[in-house]
Amino acid sequence: MKPSRMSDGGGISRRNVLIAGAAAGALSACGRADGRAFLSSDTHPADYPTVQAVDEMARLLRERTNGRLDVKTYAGGQLGSERDTLEITVFGGLDMNRVNLAPLNSIEPMTTIPALPFLFRSNNHMRRALDSAVGDEILESLTRHGLIGLCFYDSGDRNFYNTKRPIYTPADMKGLKIRVPNSDLYIAMVKALGADATPMSISEVYQSLVQGVIDGAENNWPSYESGRHFEVATYYSLTQHVIAPEVLVMSRRRWDKLTPEDQAEVRKAARESVPFMRTLWDRRVDAARSKLLAAGVKVNEITDPAAFAAAMRPVWDRYIVTDDQRRIVQQIEDMAEAE
Ligand code: GTR
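This is a predicted model, so every value here is computed, not measured.

A. Region of the structure containing the packing of aromatic side chains. Under the counting rule described, the total for this entry stands at seven aromatic pairs. With a centroid separation of 5.9 Å and an interplanar angle of 25°, the aromatic rings of Tyr161 and Tyr236 are classed as stacked. With Tyr161 in strand S5 (residues 158-162) and Tyr236 in strand S9 (residues 235-242), this residue pair connects regions lying 75 residues apart in the sequence. Grouping residues by exposure puts Tyr161 and Tyr236 together as buried. One aromatic cluster in this structure is built from Tyr161, Trp221, Tyr224, Phe230 and Tyr236. The ring of Tyr206 has Arg228 lying over it, and the distance from NZ or CZ to the ring centre is 4.6 Å. For Arg313, the ring lying beneath its charged end belongs to Trp316, and the centroid distance is 3.8 Å.

As C-alpha coordinates, then:
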(Lines give C-alpha, C1' and ligand atoms only; values in the text may rest on other atoms or scores of the structure.)
Protein backbone atom coordinates (compact mmCIF):
# COMPACT_ATOMS: atom_id res chain seq x y z
CA MET A 1 0.00 0.00 0.00
CA LYS A 2 1.14 3.53 -0.73
CA PRO A 3 2.45 5.20 2.45
CA SER A 4 -0.03 7.79 3.59
CA ARG A 5 0.62 11.48 4.04
CA MET A 6 -0.08 11.06 7.72
CA SER A 7 1.60 7.76 8.47
CA ASP A 8 4.90 8.64 6.87
CA GLY A 9 5.17 11.66 9.09
CA GLY A 10 5.77 13.91 6.09
CA GLY A 11 3.91 16.98 4.98
CA ILE A 12 3.14 18.37 8.43
CA SER A 13 2.61 22.04 7.88
CA ARG A 14 4.06 24.84 9.96
CA ARG A 15 0.51 25.83 10.82
CA ASN A 16 -0.17 22.38 12.24
CA VAL A 17 2.99 22.50 14.31
CA LEU A 18 1.80 25.82 15.72
CA ILE A 19 -1.65 24.43 16.46
CA ALA A 20 -0.08 21.41 18.13
CA GLY A 21 2.03 23.70 20.26
CA ALA A 22 -1.04 25.66 21.31
CA ALA A 23 -2.86 22.41 22.04
CA ALA A 24 0.02 21.17 24.18
CA GLY A 25 -0.07 24.50 26.06
CA ALA A 26 -3.78 24.06 26.69
CA LEU A 27 -3.10 20.55 27.91
CA SER A 28 -0.57 21.53 30.50
CA ALA A 29 -2.95 24.27 31.63
CA CYS A 30 -5.50 21.52 32.40
CA GLY A 31 -3.02 20.44 35.05
CA ARG A 32 -3.97 17.04 36.47
CA ALA A 33 -1.84 15.60 39.25
CA ASP A 34 -0.82 12.66 37.03
CA GLY A 35 -0.67 14.67 33.86
CA ARG A 36 -3.81 15.87 32.20
CA ALA A 37 -7.19 15.31 30.62
CA PHE A 38 -7.14 13.86 27.10
CA LEU A 39 -7.55 16.71 24.66
CA SER A 40 -10.03 16.01 21.88
CA SER A 41 -11.20 17.91 18.81
CA ASP A 42 -14.58 18.15 17.09
CA THR A 43 -15.70 20.30 14.18
CA HIS A 44 -19.23 20.53 15.59
CA PRO A 45 -20.55 22.91 18.27
CA ALA A 46 -20.77 21.92 21.94
CA ASP A 47 -24.45 20.93 21.79
CA TYR A 48 -23.99 18.53 18.83
CA PRO A 49 -24.51 14.80 19.58
CA THR A 50 -20.90 13.83 18.77
CA VAL A 51 -19.52 16.36 21.27
CA GLN A 52 -22.11 15.37 23.88
CA ALA A 53 -21.24 11.71 23.44
CA VAL A 54 -17.55 12.36 24.12
CA ASP A 55 -18.61 14.43 27.17
CA GLU A 56 -20.58 11.40 28.34
CA MET A 57 -17.51 9.22 27.82
CA ALA A 58 -15.53 11.73 29.90
CA ARG A 59 -18.13 11.57 32.66
CA LEU A 60 -17.93 7.77 32.75
CA LEU A 61 -14.14 7.89 32.88
CA ARG A 62 -14.07 10.45 35.71
CA GLU A 63 -16.62 8.47 37.67
CA ARG A 64 -14.74 5.19 37.31
CA THR A 65 -11.23 6.49 37.94
CA ASN A 66 -11.96 9.13 40.58
CA GLY A 67 -11.24 11.86 38.09
CA ARG A 68 -7.85 10.46 37.12
CA LEU A 69 -8.92 9.97 33.48
CA ASP A 70 -10.88 12.70 31.75
CA VAL A 71 -11.49 14.16 28.28
CA LYS A 72 -11.72 17.81 27.31
CA THR A 73 -13.18 18.52 23.88
CA TYR A 74 -12.35 21.62 21.89
CA ALA A 75 -15.59 21.93 19.89
CA GLY A 76 -16.63 24.02 16.90
CA GLY A 77 -13.49 23.33 14.89
CA GLN A 78 -11.41 25.61 17.18
CA LEU A 79 -8.29 23.54 16.59
CA GLY A 80 -8.65 23.31 12.81
CA SER A 81 -10.21 21.19 10.08
CA GLU A 82 -10.69 17.43 10.43
CA ARG A 83 -7.83 16.74 8.04
CA ASP A 84 -5.39 19.03 9.87
CA THR A 85 -6.36 17.90 13.35
CA LEU A 86 -6.08 14.25 12.31
CA GLU A 87 -2.52 14.88 11.24
CA ILE A 88 -1.83 16.46 14.63
CA THR A 89 -3.47 13.49 16.36
CA VAL A 90 -1.22 11.06 14.51
CA PHE A 91 1.94 12.72 15.73
CA GLY A 92 0.58 13.12 19.27
CA GLY A 93 -0.17 16.86 19.51
CA LEU A 94 -3.80 15.92 20.17
CA ASP A 95 -4.94 12.88 22.17
CA MET A 96 -8.32 12.26 20.58
CA ASN A 97 -10.39 13.33 17.62
CA ARG A 98 -13.96 12.82 16.53
CA VAL A 99 -14.14 12.93 12.76
CA ASN A 100 -16.13 11.56 9.87
CA LEU A 101 -14.62 8.64 7.97
CA ALA A 102 -14.17 10.82 4.87
CA PRO A 103 -10.83 12.42 5.83
CA LEU A 104 -9.49 8.95 6.66
CA ASN A 105 -10.33 7.55 3.22
CA SER A 106 -7.03 8.68 1.74
CA ILE A 107 -4.94 6.97 4.41
CA GLU A 108 -6.77 3.68 4.93
CA PRO A 109 -8.76 1.83 2.21
CA MET A 110 -10.88 -0.03 4.80
CA THR A 111 -12.46 3.28 5.83
CA THR A 112 -13.90 3.74 2.34
CA ILE A 113 -16.21 0.78 2.84
CA PRO A 114 -18.89 2.42 5.02
CA ALA A 115 -18.75 5.50 2.78
CA LEU A 116 -19.70 3.57 -0.37
CA PRO A 117 -22.81 4.98 -2.02
CA PHE A 118 -25.96 2.93 -1.37
CA LEU A 119 -24.12 0.23 0.61
CA PHE A 120 -26.23 0.38 3.79
CA ARG A 121 -29.93 -0.14 3.24
CA SER A 122 -30.88 1.85 6.34
CA ASN A 123 -29.44 3.45 9.45
CA ASN A 124 -30.26 0.24 11.31
CA HIS A 125 -28.30 -1.81 8.81
CA MET A 126 -25.30 0.50 9.34
CA ARG A 127 -25.60 0.19 13.13
CA ARG A 128 -25.80 -3.60 12.99
CA ALA A 129 -22.83 -3.91 10.67
CA LEU A 130 -20.60 -1.61 12.67
CA ASP A 131 -21.58 -3.21 15.98
CA SER A 132 -20.37 -6.55 14.57
CA ALA A 133 -16.84 -7.87 13.92
CA VAL A 134 -16.91 -5.90 10.66
CA GLY A 135 -16.83 -2.64 12.64
CA ASP A 136 -13.99 -3.91 14.83
CA GLU A 137 -11.94 -4.80 11.78
CA ILE A 138 -12.37 -1.35 10.26
CA LEU A 139 -11.44 0.33 13.57
CA GLU A 140 -8.42 -1.96 13.90
CA SER A 141 -7.19 -0.98 10.43
CA LEU A 142 -6.37 2.50 11.76
CA THR A 143 -3.73 1.22 14.18
CA ARG A 144 -1.08 0.97 11.46
CA HIS A 145 -1.58 4.68 10.77
CA GLY A 146 -0.89 5.82 14.32
CA LEU A 147 -4.54 5.94 15.39
CA ILE A 148 -6.60 3.77 17.73
CA GLY A 149 -10.21 3.48 16.57
CA LEU A 150 -12.37 3.63 19.71
CA CYS A 151 -15.93 3.58 18.38
CA PHE A 152 -18.30 4.65 15.62
CA TYR A 153 -21.04 7.23 16.06
CA ASP A 154 -24.07 7.83 13.85
CA SER A 155 -24.09 10.38 11.09
CA GLY A 156 -27.38 9.46 9.44
CA ASP A 157 -27.97 9.74 5.73
CA ARG A 158 -26.43 12.41 3.56
CA ASN A 159 -28.54 14.30 1.02
CA PHE A 160 -27.74 16.85 -1.67
CA TYR A 161 -28.74 20.47 -1.16
CA ASN A 162 -28.22 23.46 -3.38
CA THR A 163 -29.19 27.02 -4.23
CA LYS A 164 -30.53 26.34 -7.75
CA ARG A 165 -33.14 23.59 -8.06
CA PRO A 166 -34.59 20.40 -6.61
CA ILE A 167 -32.73 17.21 -7.56
CA TYR A 168 -35.08 14.47 -8.75
CA THR A 169 -32.88 12.50 -11.14
CA PRO A 170 -29.10 12.25 -11.71
CA ALA A 171 -29.57 14.53 -14.74
CA ASP A 172 -30.57 17.37 -12.37
CA MET A 173 -27.07 17.28 -10.87
CA LYS A 174 -25.41 18.11 -14.16
CA GLY A 175 -23.12 21.15 -13.97
CA LEU A 176 -23.77 21.95 -10.30
CA LYS A 177 -20.71 22.87 -8.23
CA ILE A 178 -20.97 20.66 -5.17
CA ARG A 179 -18.75 20.85 -2.09
CA VAL A 180 -17.50 17.50 -0.80
CA PRO A 181 -15.31 16.55 2.18
CA ASN A 182 -11.60 16.06 1.45
CA SER A 183 -11.90 12.53 0.10
CA ASP A 184 -11.27 11.18 -3.40
CA LEU A 185 -14.19 8.82 -2.95
CA TYR A 186 -16.60 11.72 -2.42
CA ILE A 187 -15.14 13.57 -5.39
CA ALA A 188 -15.69 10.50 -7.56
CA MET A 189 -19.26 10.06 -6.30
CA VAL A 190 -20.25 13.59 -7.23
CA LYS A 191 -18.49 13.43 -10.59
CA ALA A 192 -20.27 10.16 -11.35
CA LEU A 193 -23.52 12.13 -11.16
CA GLY A 194 -22.27 14.69 -13.68
CA ALA A 195 -21.67 17.51 -11.16
CA ASP A 196 -18.42 19.37 -10.38
CA ALA A 197 -16.87 18.39 -7.06
CA THR A 198 -15.13 20.98 -4.88
CA PRO A 199 -13.40 19.53 -1.81
CA MET A 200 -13.17 21.90 1.16
CA SER A 201 -13.49 21.94 4.92
CA ILE A 202 -17.04 22.18 6.27
CA SER A 203 -16.21 25.46 8.01
CA GLU A 204 -15.87 27.12 4.58
CA VAL A 205 -19.17 25.90 3.15
CA TYR A 206 -21.52 28.64 4.39
CA GLN A 207 -19.38 31.47 3.03
CA SER A 208 -18.77 29.63 -0.25
CA LEU A 209 -22.51 29.19 -0.75
CA VAL A 210 -23.14 32.88 -0.04
CA GLN A 211 -20.42 33.93 -2.48
CA GLY A 212 -21.56 31.49 -5.16
CA VAL A 213 -18.20 29.67 -5.16
CA ILE A 214 -20.28 26.50 -4.86
CA ASP A 215 -23.94 25.81 -5.66
CA GLY A 216 -24.45 23.18 -3.01
CA ALA A 217 -23.14 20.40 -0.83
CA GLU A 218 -24.35 17.19 0.72
CA ASN A 219 -24.86 16.34 4.36
CA ASN A 220 -27.26 15.04 7.01
CA TRP A 221 -30.08 17.15 8.48
CA PRO A 222 -28.20 18.17 11.66
CA SER A 223 -25.11 19.45 9.80
CA TYR A 224 -27.24 21.19 7.16
CA GLU A 225 -28.95 22.93 10.05
CA SER A 226 -26.11 23.68 12.46
CA GLY A 227 -23.85 25.06 9.72
CA ARG A 228 -26.75 27.34 8.62
CA HIS A 229 -26.31 26.06 5.05
CA PHE A 230 -30.11 25.88 4.73
CA GLU A 231 -30.33 29.67 4.87
CA VAL A 232 -28.63 29.88 1.47
CA ALA A 233 -29.13 26.46 -0.16
CA THR A 234 -32.85 25.97 0.28
CA TYR A 235 -33.39 22.87 -1.90
CA TYR A 236 -32.82 19.69 0.10
CA SER A 237 -33.28 16.52 -1.96
CA LEU A 238 -33.48 13.18 -0.15
CA THR A 239 -30.95 11.18 -2.16
CA GLN A 240 -29.68 9.34 0.94
CA HIS A 241 -26.65 8.35 -1.11
CA VAL A 242 -24.35 7.67 1.86
CA ILE A 243 -24.88 6.55 5.46
CA ALA A 244 -21.23 6.79 6.53
CA PRO A 245 -20.58 6.96 10.26
CA GLU A 246 -18.43 9.19 12.42
CA VAL A 247 -15.45 7.72 14.25
CA LEU A 248 -13.71 8.54 17.53
CA VAL A 249 -9.96 7.98 17.39
CA MET A 250 -7.10 8.26 19.85
CA SER A 251 -3.48 9.03 19.09
CA ARG A 252 -1.50 5.83 19.24
CA ARG A 253 1.39 7.73 20.78
CA ARG A 254 -0.81 8.62 23.77
CA TRP A 255 -2.45 5.20 23.83
CA ASP A 256 0.87 3.38 24.08
CA LYS A 257 1.70 5.34 27.22
CA LEU A 258 -1.44 4.13 29.02
CA THR A 259 -1.47 1.04 31.22
CA PRO A 260 -3.49 -1.90 29.85
CA GLU A 261 -6.05 -1.21 32.62
CA ASP A 262 -6.48 2.40 31.54
CA GLN A 263 -6.68 1.35 27.89
CA ALA A 264 -9.52 -0.98 28.83
CA GLU A 265 -11.30 1.84 30.72
CA VAL A 266 -10.99 4.16 27.69
CA ARG A 267 -12.33 1.53 25.29
CA LYS A 268 -15.19 0.64 27.60
CA ALA A 269 -16.27 4.25 28.18
CA ALA A 270 -16.10 4.98 24.42
CA ARG A 271 -18.24 1.94 23.60
CA GLU A 272 -20.74 2.85 26.29
CA SER A 273 -21.14 6.36 24.90
CA VAL A 274 -22.46 4.88 21.61
CA PRO A 275 -26.08 4.07 22.67
CA PHE A 276 -26.17 7.47 24.43
CA MET A 277 -25.10 9.12 21.18
CA ARG A 278 -27.67 7.22 19.11
CA THR A 279 -30.53 8.43 21.31
CA LEU A 280 -29.33 12.02 21.02
CA TRP A 281 -28.78 11.58 17.30
CA ASP A 282 -32.30 10.37 16.54
CA ARG A 283 -33.72 13.31 18.49
CA ARG A 284 -31.41 15.75 16.77
CA VAL A 285 -32.36 14.55 13.27
CA ASP A 286 -36.07 14.96 14.10
CA ALA A 287 -35.53 18.39 15.64
CA ALA A 288 -33.41 19.64 12.71
CA ARG A 289 -35.93 18.34 10.15
CA SER A 290 -38.91 19.97 11.93
CA LYS A 291 -37.08 23.25 12.36
CA LEU A 292 -36.04 23.43 8.72
CA LEU A 293 -39.43 22.42 7.34
CA ALA A 294 -40.94 25.22 9.43
CA ALA A 295 -38.25 27.57 8.10
CA GLY A 296 -39.45 26.87 4.53
CA VAL A 297 -36.71 24.59 3.22
CA LYS A 298 -37.94 22.90 0.02
CA VAL A 299 -37.58 19.17 0.60
CA ASN A 300 -38.22 16.55 -2.07
CA GLU A 301 -38.00 12.78 -2.44
CA ILE A 302 -36.05 11.56 -5.45
CA THR A 303 -37.93 9.89 -8.26
CA ASP A 304 -35.82 6.79 -8.70
CA PRO A 305 -33.15 5.91 -6.09
CA ALA A 306 -31.98 3.01 -8.31
CA ALA A 307 -30.94 5.51 -11.00
CA PHE A 308 -28.64 7.28 -8.50
CA ALA A 309 -27.28 3.95 -7.26
CA ALA A 310 -26.55 2.82 -10.83
CA ALA A 311 -24.82 6.07 -11.76
CA MET A 312 -22.60 5.90 -8.66
CA ARG A 313 -21.88 2.18 -8.84
CA PRO A 314 -18.59 2.48 -10.83
CA VAL A 315 -17.15 4.13 -7.73
CA TRP A 316 -17.34 0.76 -5.95
CA ASP A 317 -15.02 -0.89 -8.49
CA ARG A 318 -12.60 1.98 -8.32
CA TYR A 319 -12.26 2.05 -4.51
CA ILE A 320 -12.93 -1.55 -3.52
CA VAL A 321 -9.76 -3.20 -4.74
CA THR A 322 -8.32 -5.40 -1.97
CA ASP A 323 -9.53 -8.86 -0.96
CA ASP A 324 -10.15 -7.63 2.60
CA GLN A 325 -12.35 -4.81 1.33
CA ARG A 326 -14.31 -7.20 -0.92
CA ARG A 327 -14.82 -9.67 1.92
CA ILE A 328 -16.15 -6.97 4.27
CA VAL A 329 -18.43 -5.45 1.63
CA GLN A 330 -19.88 -8.91 1.00
CA GLN A 331 -20.46 -9.49 4.73
CA ILE A 332 -22.27 -6.17 5.01
CA GLU A 333 -24.45 -6.86 1.98
CA ASP A 334 -25.36 -10.31 3.34
CA MET A 335 -26.31 -8.93 6.73
CA ALA A 336 -29.98 -8.52 7.59
CA GLU A 337 -31.13 -5.05 8.59
CA ALA A 338 -32.67 -6.12 11.88
CA GLU A 339 -32.75 -9.16 14.19
C1 GTR B 1 -20.66 15.96 9.04
C2 GTR B 1 -19.71 15.25 9.97
C3 GTR B 1 -18.46 16.04 10.16
C4 GTR B 1 -17.85 16.46 8.84
C5 GTR B 1 -18.88 17.01 7.92
C6 GTR B 1 -18.33 17.29 6.53
O7 GTR B 1 -21.80 15.18 8.83
O8 GTR B 1 -20.32 15.10 11.23
O9 GTR B 1 -17.56 15.29 10.94
O10 GTR B 1 -17.23 15.37 8.24
O11 GTR B 1 -20.01 16.19 7.80
O12 GTR B 1 -19.05 17.11 5.57
O13 GTR B 1 -17.18 17.75 6.45
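B. Representation of the pairing of strand S6 (residues 177-180) in the model. Across four bridges, the pairing between S6 and strand S7 (residues 196-199) is parallel. Counterpart to Arg179 in the pairing with S7 is Thr198. Of the crossover connections in this fold, the one passing from S6 over helix H6 (residues 184-192) to the parallel S7 is right-handed.

C. Expanded view of the side chain of Asn105. Checked against the element boundaries, Asn105 lands in the loop between strand S3 (96-100) and helix H4 (123-131). What makes Asn105 buried here is its relative accessible area of 8%. Within polar-contact distance, the side chain of Asn105 engages the backbone oxygen of Leu101 at 3.1 Å. Those residues within four positions of Asn105 in sequence are excluded, and the remaining contacts are Thr111, Thr112, Ala115, Ser183, Leu185 and Tyr186.

D. Focus on the site of the ligand. Taken together, 14 residues lie around the ligand, and His44, Glu82, Arg179, Asn219 and Glu246 are the ones closest in. In this structure, Arg98 approaches the ligand through a side-chain N or O atom, which is 2.9 Å from an oxygen atom. The contact in question runs from an oxygen atom of the ligand to an N or O atom on the side chain of Asn220, over 3.1 Å. Computed on the free molecule, the ligand has an accessible area of 320 Å², of which 98% lies beneath the protein chains in the complex. Shared between two domains, the shell around the ligand holds at least three residues of each, these being domain 1 (14-109 + 118-154 + 245-285) and domain 2 (158-243 + 288-338).

E. Fine view of the pattern of salt bridges. Applying the stated criterion across every chain yields a total of 28 salt bridges. One salt bridge in this structure joins Arg228 and Glu231, with 3.1 Å as the shortest N-O distance. Between Arg252 and Asp256 there is a salt bridge, with the nearest N and O atoms lying 3.7 Å from each other. A single network of salt bridges, built from pairs that share partners, joins Arg127, Asp131, Asp154, Arg278 and Asp282.

F. Layout of helix H2 (residues 49-65). For H2, with 17 residues, the first-to-last C-alpha span of 24 Å sits near the 24 Å given by 1.5 Å per residue. Among all positions of H2, only Pro49, Thr50, Val51, Ala53, Val54, Glu56, Met57, Ala58, Leu60, Leu61 and Thr65 are buried. Looking at the packing, one finds that the buried side of H2 touches strand S1 (38-42), strand S2 (71-74), S3, strand S4 (147-153), strand S10 (246-251) and helix H10 (260-294). Following H2 by one or two positions, Asn66 adopts a phi angle in the positive range, close to 55°.

G. Region of the structure containing the sheet that holds S2. Taken in spatial order, the five strands make up an open sheet running S2-S1-S3-S10-S4, and their pairing is mixed. This sheet does not close on itself; its edge strands, each paired only once, are S2 and S4. Within the sheet, the average angular offset between the axes of one strand and its neighbour, ignoring direction, is 25°. Summarising the sheet, S1 and S2 pair through four bridges and their orientation is parallel. Bridging across to S2, Ser41 finds its partner in Tyr74. Contacts between helix H5 (residues 133-140) and the sheet are confined to S4 and S10, with S4 contributing the most and set at about 145° to the helix. Each of S1, S4 and S10 touches H10; the most contacted strand, S4, lies at about 20° to it.

H. Quick look at the nonpolar core. The biggest cluster of nonpolar side chains holds 52 residues, and the ones touching the most others in it are Leu104, Ile113, Leu119, Leu147, Tyr186, Val247 and Ile332. No other element matches the six residues that H6 contributes to this core. Counting contributing residues, this core receives three or more from each of domain 1 (14-109 + 118-154 + 245-285) and domain 2 (158-243 + 288-338). Not counting residues within four places of it along the chain, the set of residues in contact with Leu119 comprises Ile113, Pro114, His125, Trp316, Val329, Ile332 and Glu333.

What counts and how
Residues numbered from 1 in each chain as written. Predicted model: local features only at pLDDT ≥ 70, side-chain atom pairs only at ≥ 80, totals over all residues. Heavy atoms only, no water. Phe/Tyr/Trp six-rings, centres within 6.5 Å; stacked < 30°, edge-to-face > 60°. Helix = DSSP H or I, 4+ residues; strand = E, 2+ residues; numbered from the N terminus. Buried < 20%, exposed > 50% of the residue type's maximum accessible area, 1.4 Å probe, protein only. Lys NZ or Arg CZ within 6 Å of the ring centre and 35° of its normal. Pairing = 2+ DSSP bridges. Right-handed = clockwise from strand over helix to strand, strands pointing away. Polar contact = N/O pair within 3.5 Å; in protein donor to acceptor, adjacent residues only side chain to side chain. Contact = heavy atoms within 4.5 Å. Near = heavy atom within 4 Å. Areas by Shrake-Rupley, 256 points an atom, 1.4 Å probe, with all protein chains shown as cover. Domains from an automatic or database assignment. Salt bridge = Lys/Arg side-chain N within 4 Å of Asp/Glu carboxyl O. Expected span 1.5 Å × (residues − 1). Axes fitted to C-alpha atoms, helices over the stretch in contact; angles between N-to-C directions. Core = buried A, V, L, I, M, F, W, Y, C linked by side-chain atoms within 4.5 Å.

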